[in-house]
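# Structural overview
Listed below are the residues making up each chain.
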Amino acid sequence: MDITDNRIIELFTSRSKEAVSALSKKYEKLCKSISYNILRNKEDAEECVNDTYLKVWDSIPPAKPDNLMAYVCRIARNISLDKLRYNLRSKRNGNTDALLSELSECIPSTDNVEESADDTLKNAITDFLDGLSDRDRNIFIRRYFFCDDVKSISKKLGVTETNVTTILNRTRNNLKKYLSDNGIAV
Amino acid sequence: MKDNKKEMRLMKVISDIPDDMITSAANEKTKKPWYKNFAVLGTAAACICAVAVGGILLAMNGQGGYPIKYIYRDSDDIKTEENAAYVPKWHERTIEEQYRTLRLSDELYGSRCTQVDSSLVAEKIASATASGYDDYTEKTYTTDVEVYSISKVSEDFAVAVKFAESDKYYVYGKGFYTPDTLEGFINDLNLKDNLSFSGKITCKNWGDDGKTSDEVTFEGDVNKVVWNMLLTDTDIPITLMDADKDLKYTLNRGKTMHIGISVKLFGYNNIVMNVDENGYLTTNILSSGKYFFIGKEKAKEFIDYVEKNFEGYIIKYVYEDNPDDKPKPENAGESSTLSHDVSKEEVTIYSTARPPHDSGPEAEAN
């Protein structure tokens, strides 16, 4: 039986040596998947996952996340994005280029509009996602948070690849419009 | 070489989406055929479709002592979802769908795509410009409009807009409106007149993993109990998510009552007002979440009252295409009506005199 998230947090809080191995046992696969989907490089992904464990070790305590899975995923993702930014300075990455190219479709024109604050943009995206159906939101998050490819999403959620692509297209267009209508620039 | 700065910023911001959305996407399993999974579209929509589609059958052996209502669905239901994928062209939209944004005194209002009766329109407050975006040509259009206040509704929240080429008034609301207190929220939106209830409350037990156990639906005088038990202490200040970083880990955890509501004047249909055992009253009126801490004691009192005094039942869906979904005789307790295959033609069988309904009591609160 899986160790519970609360037990893992207790291990970190008590600075137990077992904390990292317990975290790794439960969430390594998910963290690696996120990192690899972003970086498309096995070594880089492993390095980011190790950095994720270190960051969790450094942050708990004092942090005591109620949702450990989301907490760990977010850290793995941010570390991987930082690594990606570093990598992009010198080389291209086919898969991530496609991901970023898709996201560029969500960005409204910035004519006469100043860049919005992070919080404003974050709230707007949260509100937008909140208004989507469960299925559309999950597909969007699987693509742009977990960075899964269309084929994986299709297989995981039991819908056709065409359907996933259509939903993603529509959602990107609607997000762009939503941001534009609310005067929010990226 | 493109630096992808904006795209990377968007990627970073997406990292901060709420935990429950991440959990929900991560935990979604491979779907069974669609006809087994339509229930996920939500209790409110389900209830409406159920009445339209078929019969309801009651058996008296539900979990926790609650009876089970079997609700019949057919495959035509799914078409409504596919239709939603179509983005209409500019000329196919109505005027309030074309011009979705109104800028008024540096504040942005969005079209709610609803009309307000002229009898509710008060004085003119400004002339302004509404704008709209054509997804297909990627052009932005603007038009001059007259802006009016709506009777008993704060201009800080919503206004009525009249286009030169129309004699109708359309509602535009401020998406980022935030009241100071529960009283402000009730008064600014004139919820006394504008809030209506589906007549149903769904109780869910939310685990830390974001999953729920079997849901129980309750029916009763929701209007009365909400106004008398939840919306009485109106001095409660709004809780801002940014000011309380632990809030997102607290909301809707444990036992939560999801109250089906609508605020039709402002275009909000089949949304919810939640009360959780942690003491929060939350609602997604105005698209974004609004949170008020009413206290654990008050929340528990409400939850206990509903469980004790309302008629509760568990909903199970039966699909014509899938005979496995149909109730088996052993599931039916002593009900003789289930000794044969249940067909869609079989009409509602109730153990009480209460008729099925698709809209709740909307009488004035006591």
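So, a few notes on the structure that sits alongside this text.

Rules used throughout
Residues numbered from 1 in each chain as written. Chains lettered and ligands numbered in written order. Predicted model: local features only at pLDDT ≥ 70, side-chain atom pairs only at ≥ 80, totals over all residues. Helix = DSSP H or I, 4+ residues; strand = E, 2+ residues; numbered from the N terminus. Buried ≥ 20, exposed ≤ 12 C-beta atoms within 10 Å, placed from the backbone. Contact = placed C-beta atoms within 7 Å. Pairing = 2+ DSSP bridges. Axes fitted to C-alpha atoms, helices over the stretch in contact; angles between N-to-C directions. Nonpolar A, V, L, I, M, F, W, Y, C, P; charged D, E, K, R; others polar. Parallel < 35°, antiparallel > 145°, perpendicular 65-115°, else oblique. Left-handed = near helix turned anticlockwise from the far one by under 90°.

### Details of the overall build of chain A
Broken down by element type, chain A carries 9 helices and 0 strands. When the helices and strands of chain A are read in sequence order from the N terminus, they spell out α-α-α-α-α-α-α-α-α. The buried share of chain A, taken over its 186 residues, is 41%. Long-range pairs, those at least 24 residues apart, make up 67% of the contacts in chain A with a sequence separation of at least 6.

### Structural notes on the sheet that holds strand β5 (residues 121–134) of chain B
Residue and element names in this part refer to chain B. Taken in spatial order, the 6 strands of this closed barrel run β3-β4-β8-β7-β6-β5, and their pairing is antiparallel. Averaged over all neighbouring strand pairs, the angle between strand axes comes to 40°, with direction disregarded. Note that strand β7 (residues 158–163) and strand β8 (residues 170–173) share 4 bridges and pair antiparallel. Residue pairing for β8: Val161 is matched across the bridge by Tyr170.

### Some details on the pairing of β5(B)
Residue and element names in this part refer to chain B. Sheet topology places strand β3 (residues 101–104) next to β5; 3 bridges connect them, and they run antiparallel. Note on β5: the bridge partner recorded for Thr101 is Ser131. Bridge analysis of β5 against strand β6 (residues 139–150) gives 11 bridges, and the strand direction is antiparallel. When the sheet's bridge partners are listed, Ser131 is paired in β6 with Thr142. The turn joining β5 and β6, which pair antiparallel and follow one another in sequence, is formed by 4 residues; a positive phi near 60° is taken by Glu138.

### Quick notes on the interface of chain B and chain A
Facing 40 residues of chain B, the contacting portion of chain A comprises 47 residues. Of all the elements in the fold, those that place two or more residues in the side of chain B that touches chain A are α1 (5–14), α2 (19–27) and β4 (107–115) of chain B. Looking at the side of chain B that touches chain A, the element that brings in the most residues is α1(B), giving 9 residues. When its residues are assigned to classes, the side of chain B that touches chain A shows 17 nonpolar, 11 polar and 12 charged.

### Considering the packing of helix α1 (residues 5–13) of chain A against helix α2 (residues 18–39) of chain A
Residues and elements named next belong to chain A. The interhelical angle for the contact between α1 and α2, taken along N-to-C directions, is 150°, at an axis separation of 8 Å. It follows that α1 is roughly antiparallel to α2 by the angle criterion. Judged by the twist between their axes, the crossing of α1 over α2 is left-handed. Where α1 abuts α2, its residues Ile8, Leu11 and Phe12 lie against Glu18, Ala19, Ala22, Leu23 and Lys26. A class-by-class count of the residues in the contact of α1 with α2 yields 6 nonpolar, no polar and 2 charged.

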